[in-house]
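# Structural features, examined
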Amino acid sequence: MGRKLFGTDGIRGRTNAGVMTAETAMRVGQAAGNYFMRGGHRHRVVIGKDTRLSGYMMESALVAGFTSVGMDVTMTGPLPTPAIALLTREMRADLGVMISASHNLFRDNGIKLFGPDGYKLSDQAELEIEALLEQEPKLAAPERIGRARRIDDARGRYIHAIKQSVSNEVRFDGLKVVVDCAHGAAYQVAPSAIWELGAEVITLGVDPNGTNINDGVGSTAIEALQARVVEEGADIGIALDGDADRLIVVDEKGTKVDGDQIMALIATRMHEKGALSGGGVVATVMSNLGLERYLEGLGLTLERTKVGDRYVLERMKEGGFNVGGEQSGHMILSDHGTTGDGTVAALRVLSSLVRTEKPASEILHLFDPVPQLLKNVRYEGGAPLENDAVKAAIAQAESELEGNGRLVIRASGTEPLIRVMAEGDDSAQVESVVDRVCDAVRAAT
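The structure reproduced in this document is the subject of the present report.

About the criteria used
- Residues numbered from 1 in each chain as written.
- Predicted model: local features only at pLDDT ≥ 70, side-chain atom pairs only at ≥ 80, totals over all residues.
- Heavy atoms only, no water.
- Helix = DSSP H or I, 4+ residues; strand = E, 2+ residues; numbered from the N terminus.
- Buried < 20%, exposed > 50% of the residue type's maximum accessible area, 1.4 Å probe, protein only.
- Axes fitted to C-alpha atoms, helices over the stretch in contact; angles between N-to-C directions.
- Parallel < 35°, antiparallel > 145°, perpendicular 65-115°, else oblique.
- Left-handed = near helix turned anticlockwise from the far one by under 90°.
- Contact = heavy atoms within 4.5 Å.
- Nonpolar A, V, L, I, M, F, W, Y, C, P; charged D, E, K, R; others polar.
- Pairing = 2+ DSSP bridges.

### What to know about the environment of Glu90
One can find Glu90 in helix H3 (residues 81-90). Residue class for Glu90 comes out partly exposed when judged on its relative accessible area of 40%.

Dropping the structure here:
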């Protein structure tokens, strides 16, 4: 039985349409609350959100759902996703909830759930919660209805925690850093943490108004950051997404640095210090072949998972790895957190700048990526990957790339898209196979 509501990263969709309504949020609160109502203690859920307008509506609906089944609710206001994971553990809560659609524009929203250990829920747990959604909720007796309150010190707790990821002897004095927070959840905490460690901070995307999250700013729209870094003569630019669990960097020349290069830097530095565990790095099938070859040159491995940072984390836990991530910028440093944290990853990059006394363009370009091309094909319904002509096109492409490249085909977990990615040493061949597979998918829809 597959999940109907949960995708690769929680529940996500257009607000007030489909699954992302106040009614659904209330039912999710009731179902998740019933699922975690175990034991005789007073149960608690921590709820955070990013800055999108619909966050108020979704928060209120979730509070109604949780309190109706007897859970107490603690609300933090706008905070990064990793902060909610952290506070869920620290406050001994039974459950954590982040209201965010990550890098999507304000019209979308989403719900991410964390267990009491601060980790995202397993596929099985999400399946069981979905099953509870089909049943009438077990409502609390009037005297057992939950209470709701807001806490005022959540930002300070998170800033203090992430600063602990930087060695006490390291300060960022002399660094000029442009920080783009995407008008999102980290608009206060990320600039503050970097400034408190001594850097001169120039901010972008720190004026949320409910509708401007990820709009022309942040990790998926870095042009403004690139221009500002060059204009200010900054040492580096940091771009977070709407919920600040991913990081993209811009070097002092204005060049974009993706998650693969960031993972290469962090893994290299930790390997040099003897602090890298697991013998390598965990990434997804989307990471560049150049990263794999670079790590092999250091005697390290690159283990691949399907797309989704929680699958990366599952493999990290299984294999004892402490560095993992995605090319898109999710960076998981398990010594410091239970989920991707763009700000913690940024602090590690800034620490490397200080320690090496080298420019960002040097330390963040450790390998040459092989040519890689990703195209998306939108479909209206059906299962195009089950079509015989599409299967034949994929088989032919894989045969052509065998030995000198890779082909990755997958359905998006959040949108009706088929993602077609190929990479290899011959860029013309890569483009040819991607186009042929995309054409086959379009013909089948």
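### Details of the packing of helix H8 (residues 259-273) against helix H11 (residues 342-356)
Here H8 crosses H11 at 60°, and the two axes come no closer than 10 Å. As judged from the angle between their axes, H8 and H11 are oblique. Crossing of H8 over H11 shows left-handed handedness. Contacts from Ile262, Leu265, Ile266, Arg269 and Met270 of H8 reach H11 at Ala345, Arg348, Val349, Ser352, Arg355 and Thr356. Tallied by class, the residues present in the contact of H8 with H11 amount to six nonpolar, two polar and three charged.

### Some words on the sheet that holds strand S8 (residues 200-204)
Pairing in this open sheet of five strands is mixed, and the strands run S8-S7-S9-S10-S11 from one edge to the other. Either end of the sheet is taken by a strand with one partner, and the two such strands are S8 and strand S11 (256-257). Relative to S11, strand S10 (residues 247-251) runs antiparallel, the two being bridged by two bridges. Following the sheet pairing, Val250 is matched in S11 by Lys256. Strands in contact with helix H6 (residues 189-196) are strand S7 (176-180), S8 and strand S9 (236-240); relative to S8, the strand with the most contacts, it is inclined by about 170°. Contacts from H8 reach S10 and S11 within the one sheet, and its direction differs from that of S10 by about 85°.

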